[in-house]
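Tertiary structure, described
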2 protein chains.
Amino acid sequence: MKLAIEEAKKAWEMDEVPIGAIVVYKGEVIGRGHNLRENDQDPIAHAEMIAIQEAAKYLKSWRLEETTLYATLEPCVMCSGAIVMSRIPHVVYGATDPKGGCSGSLINLIEDTRFNHRATVERGILEQECGEMLRTFFREKRSLKKQIKQNNTDL
Amino acid sequence: MKLAIEEAKKAWEMDEVPIGAIVVYKGEVIGRGHNLRENDQDPIAHAEMIAIQEAAKYLKSWRLEETTLYATLEPCVMCSGAIVMSRIPHVVYGATDPKGGCSGSLINLIEDTRFNHRATVERGILEQECGEMLRTFFREKRSLKKQIKQNNTDL
């Protein structure tokens, strides 16, 4: 999870919502990703999606069996879907996302027995650190917005 | 939908499950995709995902507002999630997928009011043609498998 946090920090440095993910296979990191949605203007460029694609390239297979995905935030509806579609058997995440998380919060897509494949999930790993990054990011964003508004009023 | 079917046929020619998708913006096709999962060994290379990424590139925005996605098959869990995440407001699909579809069959992710964004859906457009492609594809696959088995027994 520390490596996923490192990925999230890369997103932060690029002024992206700090979310990171890695895919591990037999003890080796075979996929890394950090959120690039704004920089790339790509709705699919979430940390998990990038890490999954990199891992598939490494394994030369779309079936990511025997892998574990670590994400700093609970995967969204698309990323949870990608976990199901790539047959990742284990998911570990840090902070929960009560508003958009689909790996247990809003819905639990990755443990849904109606799909052909489902994952086991470990939640709340380094939750404090993962969540604090996001809270600080959004706090800074709000403060900046307020400052800009104040400056405009002063003009 | 005819253009989405054309895309599906491209997948078929590559021995992929024949699924195609397009994204339309103000009467213009701005994204096209056909299933490439096996050829690329990429779990994310579904027709809809490829069309969505191409459309975002065209619009230089991850927000695909004012667009319509046409898909020959009901979107799966990942693609339905991507529709939500890219804010596509209209979805039209051909054949329903009772086993894996997440735009109304197994779950209805794209009309779920708990998400910030949802789409209106039109179902069953050119359903017969879209479904027949899939049925023929799988029939041929099964027949080929049977033939190989028979040949092995004859040896």
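The residue count restarts for each chain, going from 1 along the sequence in the order it is written. Think of it this way: whatever chain is written first is A, whatever ligand is written first is 1, and the rest follow in order. Local features are withheld for residues below a pLDDT of 70 in this predicted model, meaning they are given only at 70 or higher, and side-chain atom pairs are given and counted only at 80 or more; totals for whole chains, interfaces and linings count all residues. Only heavy atoms go into the side-chain values, all of them from the structure, while hydrogens and water stay out.

**Topic: helix H1 (residues 2-13) of chain B**
Side chains that are three or four residues apart share a direction in an α-helix, a result of its 3.6 residues per turn. Residue and element names in this part refer to chain B. The cut-off we apply is this: Secondary structure elements are taken from DSSP: a helix is a run of H or I of four residues or more, a strand is a run of E of two residues or more, and numbering for both begins at the N terminus. Multiplying one less than the number of residues by 1.5 Å gives the expected span of a helix. Note on contacts: a residue pair is in contact if any heavy atoms of the two residues lie within 4.5 Å.
Under the 1.5 Å per step criterion, the end-to-end length of H1 is 17 Å for twelve residues, consistent within 8% with the ideal 16 Å. Residues of H1 that are buried in the fold lie against strand S1 (20-25), strand S2 (28-34), strand S3 (67-73) and helix H5 (127-154). Note on H1: the residue one or two positions beyond its end, Asp-15, has a positive phi of about 65°.

**Considerations on the pattern of salt bridges**
The criterion, for reference: Salt bridges are defined as contacts in which a side-chain nitrogen from Lys or Arg sits within 4 Å of a carboxyl oxygen from Asp or Glu. Here's how the labels work: a residue is buried when its accessible area is under 20% of the maximum for its type, exposed when over 50%, partly exposed in between, all with a 1.4 Å probe on protein chains only.
Per the counting criterion, the structure on display carries 16 salt bridges over all chains. A salt bridge links Glu111(B) to Arg123(B); the shortest N-O distance between them is 3.2 Å. One end of the pair, Glu111(B), is in the loop between strand S4 (90-95) and strand S5 (120-122); the other, Arg123(B), is in the loop between S5 and H5, and twelve residues separate them in sequence. A relative accessible area of 37% places Arg123(B) in the partly exposed class. Arg135(B) is the partner of Glu132(B) in a salt bridge, and the nearest nitrogen-oxygen pair spans 3.2 Å. With Glu132(B) and Arg135(B) both in helix H5, this residue pair falls three residues apart, about one helical turn. On the accessibility criterion, Glu132(B) (29% relative accessible area) is partly exposed. You can call Arg135(B) partly exposed: its relative accessible area is 42%. Among the charged side chains, a network of salt bridges with common partners joins Glu132(A), Arg135(A) and Arg139(A).

**Remarks on the UniProt feature "domain: CMP/dCMP-type deaminase" (unreviewed entry) in chain A**
We apply this condition: UniProt positions are given in the numbering used here, feature names are shortened, and annotations may be inferred rather than shown by experiment.
The UniProt record annotates "domain: CMP/dCMP-type deaminase" (unreviewed entry) at residues 1-104 of chain A. Split by type, residues 1-104 of chain A is 37% helix and 25% strand. Its first and last C-alpha atoms lie 19 Å apart.

**Quick word on the interface of chain B and chain A**
Worth spelling out the cut-off: Pairs of N or O atoms are called polar contacts if they sit within 3.5 Å, as long as, within protein, a hydrogen donor faces a hydrogen acceptor (for residues adjacent in sequence, only side-chain-to-side-chain pairs). In this classification, Asp, Glu, Lys and Arg are treated as charged, Ala, Val, Leu, Ile, Met, Phe, Trp, Tyr, Cys and Pro as nonpolar, and every other residue, Gly included, as polar.
Listed by partner, the interface residues are 31 residues for chain B and 31 residues for chain A. Inspection of the region where chain B meets chain A yields zero salt bridges. For the pair chain B and chain A, the interface holds eight residue pairs in polar contact (both at pLDDT 80 or more). Mapped by element, the contributors of at least two residues to the side of chain B that touches chain A are helix H2 (37-40), helix H3 (47-59) and helix H4 (77-85) of chain B. Here the side of chain B that touches chain A gets six residues from one element, more than from any other, and that element is H4(B). Among the residues making up the side of chain B that touches chain A, the classes are represented as 17 nonpolar, six polar and eight charged.

**Quick notes on the relation of the copies chain B and chain A**
Test applied: To line up the copies, we fit them by least squares on C-alpha atoms, keeping just the residues with pLDDT of at least 70 in both.
The two copies are related by a screw motion: chain B maps onto chain A through a turn of 180° and a shift of 0.0 Å along the axis, at an RMSD of 0.0 Å. The transformation relating the two chain copies, once decomposed into turn and shift, fits a two-fold axis. Closest approach to the rotation axis within chain B is made by the C-alpha atom of Met78(B), at a distance of 2.4 Å. A shared interface surface links the copies, since 100% of the contact residues of chain B are contact residues in chain A too.

**Quick look at H5(B)**
Residue and element names in this part refer to chain B. Over its 28 residues, H5 extends 40 Å from the first C-alpha to the last, a length consistent with the 40 Å expected when each residue adds 1.5 Å. Within H5, the full set of buried residues consists of Cys-130, Gly-131, Met-133, Leu-134, Thr-136 and Phe-137. Buried residues in H5 make contact with H1, S3 and S4.

**Digging into the UniProt feature "active site" (unreviewed entry) in chain A**
All names here are of chain A. In the numbering used here, UniProt assigns the feature "active site" (unreviewed entry) to Glu-48. By the secondary structure assignment, Glu-48 is in helix H3 (residues 47-59). On the accessibility criterion, Glu-48 (4% relative accessible area) is buried. The contact partners of Glu-48, leaving out residues within four places of it in the chain, are Ala-21, Leu-69, Ala-71, Leu-73, Pro-75 and Cys-79.

**Description of the side chain of Glu16(A)**
Residues and elements named next belong to chain A. Counted only if it meets this: Only four residue types enter the tally: Lys and Arg on the positive side, Asp and Glu on the negative side, with His and both chain ends excluded.
Examined against the element boundaries, Glu-16 turns out to sit in the loop between helix H1 (2-13) and strand S1 (20-25). Here Glu-16 is buried and forms no salt bridge, its nearest opposite-charge partner Arg-37 lying at an N-O distance of 5.9 Å. In this structure the side chain of Glu-16 is engaged in a polar contact, spanning 3.4 Å, whose partner is the backbone nitrogen of Arg-37. If we ignore the near neighbours within four places in the chain, the residues touching Glu-16 are Ala-11, Asn-35, Leu-36, Arg-37, Glu-38, Asn-39 and Phe-137.

**Notes on the sheet that holds S2(B)**
Residues and elements named next belong to chain B. To be explicit about the condition: Note on pairing: DSSP must find at least two bridges between two strands before they are called paired. Here an axis means a line fitted to C-alpha atoms, over the contact stretch when the element is a helix, while the angle between two N-to-C directions is reported on a 0 to 180 degree scale.
Here we have five strands laid out as an open sheet, ordered S2-S1-S3-S4-S5, and mixed in their pairing. A strand with exactly one partner marks an edge of an open sheet, and here the two such strands are S2 and S5. Each strand axis lies, on average, 20° off the axis of its neighbour in the sheet, ignoring direction. As judged from the five bridges shared by S3 and S4, these two strands associate in the parallel manner. Paired with Ala-71 across the strands is Tyr-93, a residue of S4. On the sheet, H1 packs against S1, S2 and S3 and is oriented at approximately 145° with respect to S1.

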